Amino acid sequence: INLFGASTFATYGVLIQAWPVLCLNGFIVLTDIYHLVKMSRTSAFYSLLPLNAQPSPYLNRFVEYYGEDIGRIFPNFSLAKDGVEGWWILRDMQPIGLFVFHRESDTEGFVDIDFVTPAFRNMKTANWFFSEGLEQLRAQGITRLATQSTNEVHQKYLRKLGFREDSSGRYARTI
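Residues numbered from 1 in each chain as written. Predicted model: local features only at pLDDT ≥ 70, side-chain atom pairs only at ≥ 80, totals over all residues. Heavy atoms only, no water.

*Asks:* Hey, could you go over the sheet that holds strand 5 (residues 144-148) for me, with residue numbers and the actual values?
*Replies:* Strand pairing in a sheet is mediated by backbone hydrogen bonds. Such pairs are either parallel or antiparallel. Across the sheet, 7 strands lie side by side as 1-2-3-4-5-7-6; this open sheet has mixed pairing. The open sheet has two edge strands, strand 1 (46-50) and strand 6 (164-165), and neither has a second partner. The sheet strands contacting helix 3 (residues 57-65) are strand 2 (84-91), strand 3 (94-103) and strand 4 (108-116), and the helix crosses strand 3 at an angle near 95 degrees. (Pairing = 2+ DSSP bridges. Helix = DSSP H or I, 4+ residues; strand = E, 2+ residues; numbered from the N terminus. Contact = heavy atoms within 4.5 Å. Axes fitted to C-alpha atoms, helices over the stretch in contact; angles between N-to-C directions.)

*Asks:* How would you sum up helix 5 (residues 123-133)? Please name residues and give values.
*Replies:* Residues Thr125, Ala126, Trp128, Phe129, Phe130 and Gly133 constitute the buried set of helix 5. The backbone nitrogen of Lys124 lies 2.9 Å from a side-chain oxygen of the residue at the head of helix 5, namely Asn122. (Buried < 20%, exposed > 50% of the residue type's maximum accessible area, 1.4 Å probe, protein only. Polar contact = N/O pair within 3.5 Å; in protein donor to acceptor, adjacent residues only side chain to side chain.)

*Asks:* Lay out the pairing of strand 4 with the relevant residues and their values.
*Replies:* Strand residues, when the strand is regular, have side chains that alternate between the two faces of the sheet. Across the 9 residues of strand 4, 9 count as buried, placing the element largely inside the fold. In this structure, strand 3 lies alongside strand 4, joined through 7 bridges in antiparallel fashion. Counterpart to His102 in the pairing with strand 4 is Phe110. Count of turn residues in the strand 3/strand 4 antiparallel hairpin: 4 residues. Relative to strand 5, strand 4 runs parallel, the two sharing 3 bridges. When the sheet's bridge partners are listed, Gly109 is paired in strand 5 with Leu145.

*Asks:* Pulling in residues and values, what's your account of the pairing of strand 3?
*Replies:* The sheet contact formed by strand 2 and strand 3 spans 8 bridges and is antiparallel. Bridge assignment links Leu90 to a residue of strand 3, and that residue is Pro95. From the end of strand 2 to the start of strand 3, which pair antiparallel, there are 2 residues, and Asp92 there has a positive phi angle of about 50 degrees.

Any link to function would need more than the numbers given here.
Structure, rendered in structure tokens:
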């Protein structure tokens, strides 16, 4: 958007022969192009870190800090459930998300939480996790994921990722 605006004003500067307007906006155009090229060449390194059997102090603090946001999307989430498994989702070795599930059968997992911090809440993280990241689940014999959601934004997200709603209101996807 900034590149478009600066280009428009640089053109305007040429048309009315206002050279300071051209110079300033031309500089902004070059700076925007530089940063866009740099961003397009930068790729994030995503990875997973298994959660411990017992919640760590960091996990407790993370859930407390993002509690309001988590509660809005996953109102039934609790760290106190037995038999939960999951991972930290890391981007460039920084924890940016949390994926917790429990087994409903040998081959089906129920997603208790698939949360990414607001600064990284885009489809890049989700697309990575639901393609490469799910290899961890497949290696454990999980071939199907299910979850429930009453949050309209979350339901839209699930549909984008290939989850389909069934008659009971659950969303499920084969992996």
